[in-house]
Structures are given as structure tokens and as C-alpha cells.
Amino acid sequence: MPLWHLAVSALITIDNSSALISLLADFRKQNPDAKIGFVPTMGALHQGHISLITRAKKENQLVVCSIFVNPTQFNDPKDLERYPRTAEADAAMLSDNGCDIVYFPAVDDIYPNGLNEPFDMDFGGIDNVMEGAHRPGHFKGVAQVVDRFFRIVRPDRAYFGQKDFQQVAVIRQLVKEKKHAVEIIACPTLRSTQGLALSSRNMLLSEEEKENSLIIYKTLLSGQNWIKDNSDITELTEKLTVFFKKGNLHLEYLELANPENLQPVKNKNQPVHCFIAAFCGKVRLIDNMRLN
Ligand code: AMP
């Protein structure tokens, strides 16, 4: 067992970047061969987040989780206001699941020069489709905050969920553009027993709304079945859209895209991945699945 773990067994809570930077510098000095795993989150933690912590714990000697509801990635101020915040329960879950350090920064610790500080990056076109097209500025905010976190934590590995599939592509592009020395690990989507992708936003849904939201999963599964007999991608997209609209959610987009470049697919000789964004009342949900 590394020295560090003999000395520290309880979760350490840190709320400012300088304290975290100096703690991690000490850790590195004492444990030069140890690896640091990092899991950025916006809190309201659920088992999907915990699956990332567990994986990080297995693969690294020290695990840092950040909890920060990042204002610059919300294109809708009401969505930011409504976003669930459950700090105490989050800390308890992290502590129970072997996380070593939780970083709970205030907004001015992450944005000391204000929220309008410029951030430039070439997204290589991935910000023009799906989430990028429907949530202007969202990925810029995501890249900006993760860039700041990577500079503070300097992790060896960082863990992200495939539920936010396009986000993983944005983070990989960030790493390339800003030359961060971190390995990006994409982890599978955890679902409820009925199939709803776990999400912090599910806390805002009633039981009936959760039931209605299963149409997302059912549509993705139908896509996996129907692609076997459908070679026309436009027709398949249409059929899935009609199926989805029989439910009670408001569809924002349903797209079949190539998971490698996120561009629309023309035929099923390429990998086909289905991406859905929809509103259940005021709550926006996203999900995705490989179809072939
Ligand atoms: P969030 O707190 O929603 O920003 O999510 C933090 C991280 O957890 C992101 O990398 C998400 O993709 C990931 N995540 C969220 N929901 C799930 C899930 N159901 N399964 C696996 N990972 C998830």
C-alpha cells in the first residue's frame, strides 16, 4: 500500500485551487511513481458517477473528484438555476466509494478573471453538430472548465462517461489542442434497471416522467433491431423519429452519426450511432447507443 494511503484514509475536502495544487505537489514528491486519476462532475452524484470513481480507483493510486456546476456551459440560465445540488450526500457517496480528494471550488476560484475571460480552441467541427448545434457555447464552456481543471490537478488519467458521447470527443480535442499530458478514459453508460440512462437531471423527474422517458431507451433499442433490415439510413431515421414521437417527450433531435467523427452517416457500411436529445417537461435528457 502506498505511504499516502497509510497516512490518509478519509476523504479530503478542498475548496480552493492553491491548496489543491500544493497538496498534489506534496503527494507527487512523496509518491513519484503514483498515478493520479481525475473525475470531473457537476455533483448530484449517482451510480453513473460512482462507476467512474470506481474505475479511477482501480487504475490509479490517488483519485480526485471535482464538483462544480459550471456556469459557462449552461446556455439556458433557468437550467443552471434548476440544476440539482446535493453537496452533503455527494461527499458521503465519494467517501463510501474510496475517493481520496473532493474539490468543491467556488466560481471565482475557477474563473478568477470573471466568466467572460476569453478561451480559444479549434474544435475541428465537432461543436457544429448535435449538442454543439443545439446548445450554443456549451462545449466552449465545457472545454474551458476542463482545461482549468487539468491545469490545477494535472491528472495522469481522466474519466468521462459515454452518456455524454460528444463531450468525450470535445475533451480529446482539448487534450490535443492544449497539449495536456493526460489519458482520456471513456466509460460505459449506467442505466436504471428499466433502461433510463442515469443522470443528475433525473432527480427533477416524477416517477411518471421517468416512465415516459423510457421512450428514449426503447427508441435506441429499436434502432439496434431495425438497422438489421434497413439499409436506407434516411428511412431508418424517419421510422425511429415516428416511433419516438408516439411517446410523451418533446424531441429536440434524433440523429444517426458516425461515432468516429460525429458526422451524419449515409449508409450502414460505416459504424452507426444513434443520438437523442429530448425534453421531458422542462428537463432536457440525452442518450446514445451504437446501432450496428
Ligand atoms: P455530470 O455531473 O453530468 O457533468 O457528469 C460527470 C461525468 O459523469 C461525465 O463524464 C458524465 O458523462 C458521467 N456520467 C453521467 N451520467 C453517467 C452515466 N449514467 N453512466 C456513466 N457515466 C455518466
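Note that the coordinates shown come from a computational prediction; the quantities given were computed from them, not determined experimentally.

How do you make sense of the site of the ligand when you look at a structure like this?
In the region of the ligand, 17 residues are neighbours, and Met42, His49, Asp164, Leu190 and Leu198 sit closest. Between the ligand and leucine 198 there is a distance of 2.8 Å, counted from a nitrogen atom to a backbone nitrogen or oxygen. Contact with the protein chains removes 93% of the 480 Å² of surface that the ligand exposes when unbound. Using a 2 Å cut-off from the grid points, one finds that the ligand occupies the largest cavity. Looking at the shell around the ligand, the elements that each hand over two or more residues are strand E2 (36–41), helix H3 (47–59) and strand E5 (157–161). Ranked by the residues each element gives to the shell around the ligand, the list is headed by H3, at 3 residues.

Looking at this structure, I do not really get helix H5 (residues 87–96). What am I missing?
Because an α-helix completes one turn every 3.6 residues, residues spaced three or four positions apart along the sequence face the same direction. If you check which residues of H5 are buried, you get Asp90, Ala91, Met93 and Leu94. Each buried residue of H5 sits inside an arc of 165° when the element is viewed along its axis, so together they form one side. Turned more than 90 degrees away from the buried face of H5 sit Glu88 and Asp96, all of them exposed. Here the buried face of H5 lies against H3, strand E3 (62–67) and strand E4 (101–103). Glycine 98 occupies a position one or two residues after H5 and carries a positive phi of about 80°.

Can you walk me through the pairing of strand E6 (residues 183–187) in this structure?
Consecutive side chains of a regular strand alternate in pointing toward one face of the sheet and then the other. Inspection of the sheet shows E5 paired to E6 by 5 bridges, in the parallel sense. Within E6, the residue paired with tyrosine 159 across the bridge is isoleucine 185.

So what exactly am I meant to see when it comes to the side chain of glutamine 173 here?
The topology assignment puts glutamine 173 in helix H9 (residues 165–178). Look at glutamine 173 and you get buried, because its relative accessible area is 13%.

Could you clarify how one ought to interpret the packing of helix H8 (residues 138–153) against H9 in this entry?
Between two packed helices, the angle of one axis relative to the other and the distance separating the axes together describe the packing. Closest axis-to-axis distance for the H8/H9 pair is 10 Å, and the angle between their directions is 55°. Our classification of the angle between H8 and H9 gives oblique. Between H8 and H9 lies a crossing of right-handed hand. Contacts from Phe139, Val142, Ala143, Val146, Asp147, Phe150 and Arg151 in H8 reach Gln166, Gln167, Val170, Ile171, Leu174, Val175 and Lys178 in H9. Residues of the contact of H8 with H9, tallied by class, amount to 9 nonpolar, 2 polar and 3 charged.

Hey, could you run me through the environment of lysine 140 in this one?
Residue placement: lysine 140 occurs in helix H8. With relative accessibility at 40%, the residue lysine 140 sits in the partly exposed group. Sequence separation between lysine 140 and phenylalanine 123 is 17 residues; the distance between their C-alpha atoms is 8.7 Å. If sequence neighbours within four positions are ignored, lysine 140 has contacts with Phe119 and Phe123.

I tried to follow the sheet that holds strand E9 (residues 283–290) on my own but got confused; where do I start?
Strand-to-strand pairing in sheets goes through backbone hydrogen bonds, with the strands running parallel or antiparallel. Within the open sheet, the 3 strands sit side by side as E7-E8-E9. Their pairing is antiparallel. Here the strands that pair on one side only, and so sit at the sheet edges, are strand E7 (250–257) and E9. Direction aside, neighbouring strands of the sheet carry axes that sit 10° apart on average. Across 7 bridges, E7 lies against strand E8 (residues 273–280) in antiparallel orientation. What sits directly across from histidine 250, in E8, is phenylalanine 279. Against the sheet, helix H10 (residues 207–226) touches E7, E8 and E9, its axis set at about 25° to E9. Contacts from helix H11 (residues 233–245) reach E7 and E8, with the element oriented near 155° to E7.

Explanation requested: the nonpolar core in the structure shown.
Inside soluble globular proteins, nonpolar side chains tend to come together where they are buried. By size, the foremost hydrophobic cluster in this structure holds 46 residues, and its most contacted members are Phe150 and Ile184. A domain split of this core shows at least three residues from each of domain 1 (12–187) and domain 2 (200–285). The residues touching isoleucine 184, leaving out its near neighbours within four places in the chain, are Phe150, Ala158, Phe160, Val168, Ile171, Arg172 and Val175. The next biggest cluster of nonpolar side chains, apart from the first, holds 23 residues, and it includes Ile233, Leu236, Cys274 and Cys280.

Each value, and the rule that gives it
Residues numbered from 1 in each chain as written. Predicted model: local features only at pLDDT ≥ 70, side-chain atom pairs only at ≥ 80, totals over all residues. Heavy atoms only, no water. Near = heavy atom within 4 Å. Polar contact = N/O pair within 3.5 Å; in protein donor to acceptor, adjacent residues only side chain to side chain. Areas by Shrake-Rupley, 256 points an atom, 1.4 Å probe, with all protein chains shown as cover. 1 Å grid on protein atoms, 1.4 Å probe; cavity = no way out; pocket = protein on both sides within 12 Å on 5 of 7 lines; lining within 4 Å. Sits in = over half its atoms within 2 Å of the grid points. Helix = DSSP H or I, 4+ residues; strand = E, 2+ residues; numbered from the N terminus. Buried < 20%, exposed > 50% of the residue type's maximum accessible area, 1.4 Å probe, protein only. Arc of directions from axis to C-beta. Contact = heavy atoms within 4.5 Å. Pairing = 2+ DSSP bridges. Axes fitted to C-alpha atoms, helices over the stretch in contact; angles between N-to-C directions. Parallel < 35°, antiparallel > 145°, perpendicular 65-115°, else oblique. Left-handed = near helix turned anticlockwise from the far one by under 90°. Nonpolar A, V, L, I, M, F, W, Y, C, P; charged D, E, K, R; others polar. Core = buried A, V, L, I, M, F, W, Y, C linked by side-chain atoms within 4.5 Å. Domains from an automatic or database assignment.

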